[in-house]
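Fold and contact review
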Amino acid sequence: MKLLNDSLMLLPLLALAYTAVTSLQYTRNDFPPDFVFGSGTSAYQVEGAANEDGRTPSIWDVFAHAGHSGVAAADVACDQYHKYKEDVKLMADIGLEAYKFSISWSRLLPSGRGPVNPKGLQYYNNLIDELVTHGIQPHVTLHHFDLPQALEDEYGGWLSQESVRDFTAYANTCFKEFGDRVSHWTTINEVNVFALGGYDAGITPPARCSPPFGLNCSSGNSSVEPYIAVHNILLAHASATNLYKKQYKVLLSVLFFSLPVSHMHCIIFSSASISSSFITQYKQHGSVGISVYAYGVVPLTNSVEDKQATARVNDFYIGWILHPLVFGDYPETMKTNVGSRLPAFTKEESEQIKGAFDFVGVIHYMTIYVKDNSSSLKPNPQNFITDLAAELTLFGNTTFENEHANTPWSLEQILLYIKESYENPPVYILENGQVTPHSSSLEDTPRIKYLSSYIEAVLHSLRKGANVKGYFQWSLMDVFELFGGYEKSYGLYYVDFKDPNLKRTPKLSAHWYSSFLMGTQHQPSHASS
């Protein structure tokens with residue numbers, strides 16, 4: 001009887017979802033065959049089991065337990081650590097083609113380096129196997145605001161170049177253990193926001209800042225630390241990417257033809273002499289990228305000054321990360337405005353960083369107005385915003401606490417900007433979604449309107465030549481949000497955090513996304529126990 005009642009309750013939602021899909025001006029088939037649609041989460045936000053099976057704290061654990069996210073932390077979260085099979089079934093049920101998740105560095109390597117934690121290794125192997133079994137591509141992020149606290153305590157984390165060595169070793173472990181099934185790797189999640197939140201404003205892990213720029217600052221230097229952290233992250237990213245290319249992505253055929261003719265018979269007739277570990281190193285065909293947070297930007301007025309300030313915003317937010325990767329150095333505007341506080345690449349570092357990526361991950365939610373504020377370029381004190389020399393306000397009378405303004409043209413603007421400014425690299429939209437209060441109705445029509453319009457913007461970008469390869473909605477289910485904890489929701493599935501079983505229930509948006517992906521009036525599983 002309960003199943004019948006649940007089904008009857010779903011009928012209005014299914015009808016609404018079907019109506020929303022049939023009113024679209026595009027279908028899944030309008031996208032290229034190799035274009036992938038997915039959804040995402042991250043380790044700390046969804047896994048739970050924070051103190052189980054050998055995992056040690058990350059900087060996000062410490063940040064949350066210090067009360068920066070309100071009264072909550074993600075010790076349990078959605079408990080995907082124990083419920084991964086059930087969650088993969090939900091993904092398959094709505095037709096997800098890919099799942100973006102992150103690996104908890106401190107679950108896999110509890111000390112940040114050294115021995116692998118067998119339980120952590122087993123969990124990620126199980127999760128990846130479950131995804132592959134259900135025909136879902138695993139897209140893996142290696143760092144999502146969660147550096148091991150052990151490394152933060154030991155040498156200051158990303159403020160030390162020792163992090164380059166340890167991140168490369170961690171990435172190598174992941175490539176070796178999971179690379180036979182994972183073909184899409186993002187090294188660091190939204191580098192720019194991580195640095196600005198964590199080392200300038202002090203509102204994200206590791207909560208470092210200095211007056212007058214940050215909130216409740218106890219340690220840090222907002223004038224220099226964001227630039228140092230990004231510099232080391234770029235070096236770490238390049239080191240890991242180049243390692244992958246050299247040790248894992250080289251094809252056997254390339255090795256074969258690079259050998260002298262006199263040695264070819266060794267491979268042709270004595271293949272058994274090649275060790276299995278050697279072959280493993282050279283059989284992967286994956287790609288490695290990095291992700292940036294990108295605002296849509298609009299000059300507040302048509303003045304030359306506001307237009308120049310808008311260009312600076314793109315340089316400071318996007319170019320800060322992409323310019324070194326494409327051209328080998330920071331944008332000239334940053335070098336001029338930041339001066340000696342901006343670390344310099346050596347010639348060798350520049351050569352290592354330039355071209356050290358296979359794709360760019362774009363994270364986008366909001367659009368901002370930009371007003372010139374060149375008067376902020378004064379001697380002291382300085383931080384990223386004063387260096388930027390612009391005033392930023394959210395578009396559409398919105399705030400960070402409310403629904404995002406629906407400005408799909410902003411995503412198209414970003415994709416075409418990257419196309420024109422950075423040699424049209426492959427791009428994945430790795431996060432895009434609409435926020436609502438967690439207490440909102442399951443009939444989340446604002447989320448459907450947002451997603452449908454932004455996906456259409458991606459299609460427009462593709463038709464204008466942007467090299468977009470995939471789109472990931474944020475998030476698969478309600479998770480522990482960086483801003484707002486359990487009070488804010490982006491999920492396709494509602495999670496009842498008061499239920500001991502953390503019951504998952506599909507929202508209207510889950511039905512809509514499923515209908516779009518499958519091209520049918522499809523019904524996801526109603527709930528889980």
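Residues numbered from 1 in each chain as written. Predicted model: local features only at pLDDT ≥ 70, side-chain atom pairs only at ≥ 80, totals over all residues. Heavy atoms only, no water.

**Considering the overall build of the protein**
Along the protein, the regular secondary structure elements total 20 helices and 15 strands. The buried share of the protein, taken over its 529 residues, is 59%. The long-range share in the protein, meaning contacts at least 24 apart out of those at least 6 apart in sequence, stands at 76%. Element-wise, carbon and sulfur atoms account for 55% of the exposed surface of the protein, whose accessible area totals about 20700 Å². (Helix = DSSP H or I, 4+ residues; strand = E, 2+ residues; numbered from the N terminus. Buried < 20%, exposed > 50% of the residue type's maximum accessible area, 1.4 Å probe, protein only. Contact = heavy atoms within 4.5 Å. Areas by Shrake-Rupley, 256 points an atom, 1.4 Å probe, with all protein chains shown as cover.)

**Side note on the layout of surface pockets**
There is about 1100 Å³ of room inside the largest pocket. V193, I203, Y295, F400 and F483 are, among the 37 residues lining the largest pocket, the residues nearest its centre. Contributing elements (two or more residues each) for the lining of the largest pocket: α9 (191–199), α17 (384–388) and β9 (390–394). When the residues that make up the lining of the largest pocket are grouped by side-chain class, the tally is 23 nonpolar, eight polar and six charged. Each pocket or cavity is described by its volume, and for the second largest pocket that value is around 180 Å³. In this structure, the second largest pocket is lined by 15 residues; those nearest its centre are V62, H68, P206, A207 and R208. When residues in the lining of the second largest pocket are grouped by element, the largest group, three residues, is from helix α3 (residues 59–65). In terms of residue class, the lining of the second largest pocket is built from seven nonpolar, six polar and two charged. (1 Å grid on protein atoms, 1.4 Å probe; cavity = no way out; pocket = protein on both sides within 12 Å on 5 of 7 lines; lining within 4 Å. Points joined across faces, edges and corners; volume = space filled by probe spheres on them. Nonpolar A, V, L, I, M, F, W, Y, C, P; charged D, E, K, R; others polar.)

**Quick notes on the environment of I448**
Inspection of the secondary structure assignment puts I448 in helix α19 (residues 445–463). Taking the C-alpha atoms as reference points, I448 and H511, 63 residues apart in sequence, are found 9.7 Å from one another.

**Overview of the pairing of strand β2 (residues 98–102)**
The element β2 is largely enclosed, with a buried count of five among its five residues. Of the two faces of β2, both are covered, the one formed by A98, K100 and S102 as well as the one formed by Y99 and F101. Pairing analysis gives three bridges linking strand β1 (residues 36–40) to β2, with the strands arranged parallel. Paired with G38 across the strands is A98, a residue of β2. Across five bridges, β2 lies against strand β3 (residues 137–143) in parallel orientation. Bridging from a neighbouring strand, A98 pairs with Q137 of β3. (Pairing = 2+ DSSP bridges.)

**With respect to the sheet that holds β9**
Read from one edge of the open sheet, three strands run β6-β8-β9, paired in mixed fashion. The sheet is open, and its two edges are formed by β6 (296–299) and β9, each paired on a single side. Between one strand axis and the next, the sheet turns through 35 degrees on average, direction left out of account. In the packing of helix α14 (residues 304–327) onto the sheet, the strands contacted are β6, β8 (367–372) and β9, and the crossing angle to β8 comes to about 125 degrees. (Axes fitted to C-alpha atoms, helices over the stretch in contact; angles between N-to-C directions.)

**Description of a nonpolar patch on the surface**
A surface patch of nonpolar side chains, about 300 Å² in accessible area, is lined by I203, L215 and F483. Along the polypeptide, I203 turns up in the loop between α9 and α10 (225–247). (Patch = residues over 30% accessible without salt bridge, like charges linked within 9 Å, V, L, I, M, F, W, Y side chains within 5 Å. Salt bridge = Lys/Arg side-chain N within 4 Å of Asp/Glu carboxyl O.)

**Details of the packing of aromatic side chains**
This structure, assessed with the given rule, holds 45 aromatic pairs. Residues W105 and F167 carry aromatic rings whose centres are separated by 5.8 Å and whose planes lie at 70 degrees to one another, so their mutual orientation is edge-to-face. Within this pair, whereas W105 is found in helix α5 (residues 105–108), its partner F167 is found in helix α8 (residues 162–178), the two being separated by 62 residues in sequence. Neither W105 nor F167 differs from the other in exposure class; each is buried. Ring geometry for Y450 versus Y454: centroids 4.1 Å apart, planes at 20 degrees, classification stacked. Linking Y450 with Y454, this pair stays in helix α19, spanning four residues, or about one helical turn. (Phe/Tyr/Trp six-rings, centres within 6.5 Å; stacked < 30°, edge-to-face > 60°.)

**Examining the packing of helix α4 (residues 80–94) against helix α6 (residues 118–133)**
Put simply, α4 and α6 touch, their axes get as near as 10 Å, and they point 10 degrees apart. When the axis of α4 is compared with that of α6, the two are roughly parallel. Residue-level inspection shows Q80, Y81, Y84, K85, V88 and M91 of α4 in contact with α6, the latter providing K119, Y123, N126, L127, E130 and L131. When the residues that make up the contact of α4 with α6 are grouped by side-chain class, the tally is seven nonpolar, two polar and three charged. (Parallel < 35°, antiparallel > 145°, perpendicular 65-115°, else oblique.)

**Some details on the packing of α19 against helix α20 (residues 508–518)**
At a closest axis distance of 8 Å, the pairing of α19 and α20 adopts a crossing angle of 30 degrees. With respect to their mutual orientation, α19 and α20 come out roughly parallel. Here the hand of the crossing between α19 and α20 comes out right-handed. Where α19 approaches α20, its residues T445, R447, I448, L451, S452 and I455 are matched on the opposing element by L508, S509, W512, Y513 and F516. Residue classes in the contact of α19 with α20 are distributed as seven nonpolar, three polar and one charged. (Left-handed = near helix turned anticlockwise from the far one by under 90°.)

**A few points about the sheet that holds β1**
In space, the eight strands of this closed barrel follow the order β1-β2-β3-β4-β5-β7-β10-β12, with parallel pairing throughout. Ignoring strand direction, the axes of neighbouring strands in this sheet form an average angle of 25 degrees. Examined bridge by bridge, β1 and strand β12 (residues 468–474) share five bridges and lie parallel to one another. Opposite G40, over in β12, you have W474 as the bridge partner. Against the sheet, α9 makes contact with β3, β4 (184–188) and β5 (287–293), and its axis sits at roughly 50 degrees relative to β5, the strand it touches most. Running over the sheet, α10 touches β4 and β5 and is turned about 160 degrees from β5.

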